[in-house]
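# An overview of the molecular structure
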Amino acid sequence: MTVVFDDASNIYFARQLVNERLTEVELPEGSPRPELRPVATGLGEVYHYLMTGKGKSLRELTTLHAREIKPRLLSVPGVA
């Protein structure tokens, strides 16, 4: 399961609330308890986006991503 927090939220407080709720979950016998992963690591995924385009084919969207969007995102400092 992935939990997405609003950018304006206090991430540590929000994680604490989620962690408290996880203790209330009833799981089948023998199931491991859910746990939260680290907030972010250098190797973790931090941002996802979805490209859609009314009337555009997958090929057109892929080309747009490769030629226009990806180079612009990579030009932002700190984006890998």
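Please refer to the structure higher up on the page.
Residue positions within a chain follow its written sequence, with the count starting from 1. Owing to the predicted nature of the model, reporting of local features is limited to residues with pLDDT of at least 70; listing and counting of side-chain atom pairs is limited to 80 or more, with chain, interface and lining totals taken over all residues. Hydrogens and water molecules were not included; the side-chain quantities draw on all heavy atoms of the structure.

### Let's talk about the overall build of the protein
- The helix and strand tally for the protein stands at two helices and zero strands.
- Using a 1.4 Å probe on the protein chains alone, a residue whose accessible area is under 20% of its type maximum counts as buried, one over 50% counts as exposed, and one in between counts as partly exposed. Scored against the burial criterion, the 80 residues of the protein give a buried share of 6%.
- For the protein, the accessible surface area stands at approximately 7,700 Å², while carbon and sulfur atoms represent 56% of it. For helices the rule is a DSSP run of H or I covering at least 4 residues; for strands it is a run of E covering at least 2, with both sets numbered from the N terminus onward. Values of accessible area rely on a 1.4 Å probe in the Shrake-Rupley scheme; residue burial ignores everything except the protein chains shown.

### Concerning the pattern of salt bridges
- For salt bridges, the criterion is a side-chain nitrogen of Lys or Arg within 4 Å of an Asp or Glu carboxyl oxygen. Evaluation of the coordinates by the stated rule reveals one salt bridge.
- The residue E68 makes a salt bridge to R72 at a minimum N-O spacing of 3.2 Å. Highlighted residues: E68 and R72, both in helix α2 (residues 58-74), separated by four residues, approximately one helical turn.

### A look at a nonpolar patch on the surface
- Together, Y49, L73, L74, V76 and V79 make up an exposed nonpolar region whose accessible area comes to about 390 Å².
- Mapping V76 onto the fold places it in the segment after α2. Patch membership requires more than 30% relative accessible area and the absence of a salt bridge. Residues of like charge join within 9 Å; the nonpolar side chains Val, Leu, Ile, Met, Phe, Trp and Tyr join within 5 Å.

### Focus: the environment of T23
- Turning to its location among the elements, T23 is positioned in the loop between α1 (11-22) and α2.
- By relative accessible area, which is 60% here, T23 ends up exposed.

### Brief notes about α1
- To estimate how far a helix should reach, multiply one less than its number of residues by 1.5 Å. End to end, α1 covers 16 Å across 12 residues, agreeing with the expected 16 Å (1.5 Å per residue, within 8%).
- The complete set of buried residues in α1 reads A14, R15, V18 and L22. Along the axis of α1, the buried residues cluster in a sector spanning 100°; they form a single face. Along α1, the residues that are exposed and aim more than 90 degrees away from the buried face are Y12 and F13.
- Between N or O atoms, a polar contact is any pair within 3.5 Å; within protein, one atom must be a potential hydrogen donor and the other a potential acceptor, and residues adjacent in sequence are included only when both atoms are from side chains. The N-capping residue of α1, defined by a side-chain oxygen 3.0 Å from the backbone nitrogen of Y12, is N10. The directions considered for the arc run from the helix axis to the C-beta atoms.

These figures capture arrangement, not role.
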